[in-house]
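These are the residues of each chain, in order.
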Amino acid sequence: MAVNYYDPEYEVVRLDERCISCRVCERQCANEVHSFLPETGKMASDETKCVNCQRCVSLCPTHALKIVRSSNQYKDNANWSRKTMNEIYRQADSGGVLLSSMGNPEPYPVYFDRILLNASQVTNPSIDPLREPMETRVFLGAKPESIQRDDTGRIVNNLPPQIDLAMPIMFSAMSYGSISYNAHESLARAAEALGILYNTGEGGLHEDFYRYGPQTIVQVASGRFGVHPDYLNSGAAIEIKMGQGAKPGIGGHLPGRKIVDDVSRTRMIPVGSDAISPAPHHDIYSIEDLRQLVDSLKEATHYTKPVIVKIAAVHQVSAIASGIARSGADIIAIDGFRGGTGAAPTRIRDHVGIPIELALASVDQRLRDEGIRDRVSLVVGGSIRSSADVVKALALGADCVYIATAALLALGCHLCRSCHAGKCNWGIATQVPELVKRLNPEIGYQRLVNLMTAWQHEIKEMMGGMGINSIESLKGNRLMLRGVDLTAKELAILGIRHAGE
């Protein structure tokens, strides 16, 4: 018989005294972990299939289940961990590239957690957001270098197209195909209710969602999936995806099992075919080439929409951003190495790119030093986990943030990191109709609205505590930040002082 070199990562613990064999776990598990044994009248578990999505635990009516990490241990070895050994066994079995989902789970530093916010006391009194106005509205896009007036002294509106947001947060790119129809509808409806935008990702825009155009960023990626004139003109802004934080330097990949009828029609590719974007745009090999695409997109949309260029946070990102700011782009989006993904090579996800905090600080400073900061707005993403992360990102120089994983968590995601398999038990990263139905967009959109409303209140509270009453006064205000447990070099890159100074 064949040797099974690696054991299950998780164990299903079932409390027999509580289990009533109702078979809810069996019906709810898309991975077929649970089964009913008629001869004994009891439930059994195939732990080799468990991804720890927590669906069975959440829905068990008697709380008879829990999922725990396997207690089986390999011989201790500080260099060869169990995870590393299992990955080698898996590749020796398949001969294939390891695929993973969601963000980088490795224990690299999270700089947001080593940055503290300042607070006002006496000489610069704090502001009570319950009793005094607090402005969280932001406008994204290039700003004119000077104010112009006509012969009567009135200000001439020479402002290029802008994105108007009620708060400095947008839902980041998640394509139709990588996530379900109901997940997309939840994001679109929430964006409309909140006065913010959501991003289609590189999969085109389903015809049902054109009505949300004023809340939509349409994306143009290297594969050009779903891109046509009506698509470009349907949104409030256009994003050129040059890179992604979870997989810098490579293209996109949507497994064929997710290319069902509607996804096929939206992306304009055959049913069941893998949607693989090339690593580069084959018409972009220089800043001059990028300028041509920016100009072409603006021409195609009659110069009415701002153009975003999205890049991954990598070494020398500040030099790259400097070139993009001169390409005619209105907004630069930077995605950090902890950004989520539906499918990425594990080695790329876990070992390529740099933290968004360092990338943001260096880009903002470079653009200021070159006197071109007002030519572009900066949007950053890559594991923005809370309102505190939002405030810290703004103080480091961002105009706005993208969130994606946090939004999916609000919809019920449990970060089981198996999105590429297409069997999401929460109805989010799947195209299986029976699973998609598990996410009710009526409930999903309300949960997103609740989350963003709570974050907006917290942002106002933190701003008030700093004696700041507008996002404009917070942006790039690094005096409001202090570092803890950081080296002198890290503090220098971030442009902040150590706590106590």
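In this text, all values refer to a predicted model and were calculated from it rather than measured experimentally. (Residues numbered from 1 in each chain as written. Predicted model: local features only at pLDDT ≥ 70, side-chain atom pairs only at ≥ 80, totals over all residues. Heavy atoms only, no water.)

1. Quick notes on the layout of surface pockets
Approximately 1400 Å³ is the volume attributed to the largest pocket. Glu-9, Tyr-10, Val-51, Arg-90 and Arg-417 are, among the 42 residues lining the largest pocket, the residues nearest its centre. No other element matches the seven residues that helix H3 (residues 82-94) contributes to the lining of the largest pocket. Taken together, the residues that form the lining of the largest pocket break down as 13 nonpolar, 15 polar and 14 charged. Counting residues domain by domain, the lining of the largest pocket receives three or more from each of domain 1 (10-96) and domain 2 (166-498). (1 Å grid on protein atoms, 1.4 Å probe; cavity = no way out; pocket = protein on both sides within 12 Å on 5 of 7 lines; lining within 4 Å. Points joined across faces, edges and corners; volume = space filled by probe spheres on them. Helix = DSSP H or I, 4+ residues; strand = E, 2+ residues; numbered from the N terminus. Nonpolar A, V, L, I, M, F, W, Y, C, P; charged D, E, K, R; others polar. Domains from an automatic or database assignment.)

2. Section: the pairing of strand E13 (residues 216-220)
Along E13, five of the five residues are buried, which leaves the element largely enclosed by surrounding structure. Of the two faces of E13, both are covered, the one formed by Thr-216, Val-218 and Val-220 as well as the one formed by Ile-217 and Gln-219. Where strand E12 (residues 198-199) meets E13, two bridges bridge the pair, whose relative direction is parallel. Counterpart to Tyr-198 in the pairing with E13 is Thr-216. As defined by bridge partners, E13 adjoins strand E14 (residues 237-241) across four bridges and the pair is classed as parallel. Pairing of Gln-219 across the sheet is with Glu-239, part of E14. (Buried < 20%, exposed > 50% of the residue type's maximum accessible area, 1.4 Å probe, protein only. Pairing = 2+ DSSP bridges.)

3. Here we look at the sheet that holds strand E21 (residues 400-403)
The eight strands are arranged E11-E12-E13-E14-E17-E18-E20-E21 in a closed barrel whose pairing can be described as parallel. Its contacts with the sheet put helix H8 (residues 317-325) on strand E17 (307-312) and strand E18 (331-335), and the angle it makes with E17 is roughly 165°. Each of strand E11 (169-173) and E21 touches helix H14 (residues 441-465); the most contacted strand, E11, lies at about 135° to it. (Contact = heavy atoms within 4.5 Å. Axes fitted to C-alpha atoms, helices over the stretch in contact; angles between N-to-C directions.)

4. Some remarks on the domain arrangement of the protein chain
Split into domains, the protein chain comes out as domain 1 (10-96) and domain 2 (166-498). At the interface, 14 residues of domain 1 touch eleven residues of domain 2. Carbon and sulfur atoms supply 46% of the area that domain 1 and domain 2 bury against each other, a total of about 1100 Å² over both sides. Considering only the surface of domain 1 that becomes buried against domain 2, Ala-30, Cys-53 and Arg-55 emerge as the three largest contributors, covering 46% of it. At the junction of domain 1 and domain 2, the tally comes to one salt bridge. When the shortest N-O distance is used, the salt bridge between Glu-87 and Arg-347 registers 3.0 Å. Linking domain 1 with domain 2 are six residue pairs in polar contact (both at pLDDT 80 or more), by the criterion used here. (Buried area = accessible area lost by both parts, 1.4 Å probe. Salt bridge = Lys/Arg side-chain N within 4 Å of Asp/Glu carboxyl O. Polar contact = N/O pair within 3.5 Å; in protein donor to acceptor, adjacent residues only side chain to side chain.)

5. Here we look at the sheet that holds strand E23 (residues 497-498)
Reading across the sheet, the three strands line up as E6-E22-E23 and stay open at both edges, with mixed pairing between neighbours. Taken across any chain shown, the strands that pair with only one partner, and hence form the sheet edges, are strand E6 (115-117) and E23. Bridging between strand E22 (residues 481-483) and E23 involves two bridges; their strand directions are parallel. Residue Arg-482 lies in a different strand from E23, and its bridge partner there is Arg-497. Against the sheet, helix H11 (residues 387-396) makes contact with E6 and E22, and its axis sits at roughly 95° relative to E6, the strand it touches most.

6. Observations regarding empty space enclosed by the protein
All told, the structure shown has six cavities of 30 Å³ or more when counted by the stated rule. The volume enclosed by the largest cavity comes to roughly 130 Å³. If you go around the largest cavity, you meet 13 residues; those closest to its centre are Cys-413, Cys-416, Cys-419, Cys-424 and Ala-429. Among the residues making up the lining of the largest cavity, the classes are represented as ten nonpolar, two polar and one charged.

7. Here's the deal with the packing of aromatic side chains
For the structure on display, the rule yields five aromatic pairs. Between Tyr-108 and Phe-337, the ring centres sit 5.5 Å apart and the planes meet at 50°, which makes this aromatic pair tilted. Here the residue Tyr-108 occupies a position in the loop between strand E5 (99-100) and E6, and Phe-337 occupies one in the loop between E18 and strand E19 (344-345), the gap between them amounting to 229 residues. In this structure Phe-337 comes out as buried when scored by relative accessible area, which is 6%. Three or more aromatic residues joined by ring pairs make a cluster, and in this case those are Tyr-176, Tyr-181, Phe-209 and Tyr-212. Positioned over the ring face of Trp-426 is Arg-55, at 4.8 Å from the centre of the ring. Arg-82 extends its terminal NZ or CZ atom over the ring of Tyr-74, reaching a point 5.8 Å from the ring centre. (Phe/Tyr/Trp six-rings, centres within 6.5 Å; stacked < 30°, edge-to-face > 60°. Lys NZ or Arg CZ within 6 Å of the ring centre and 35° of its normal.)

8. Concerning the side chain of Ser-470
Relative to the assigned elements, Ser-470 resides in the loop between H14 and helix H15 (471-474). A residue is classified by how much of its surface remains accessible, and Ser-470, at 15% relative accessible area, is buried. Side-chain polar atoms of Ser-470 contact the side chain of Ser-473, separated by 3.1 Å. Apart from the residues within four sequence positions on either side, Ser-470 is in contact with Glu-135 and Met-463.

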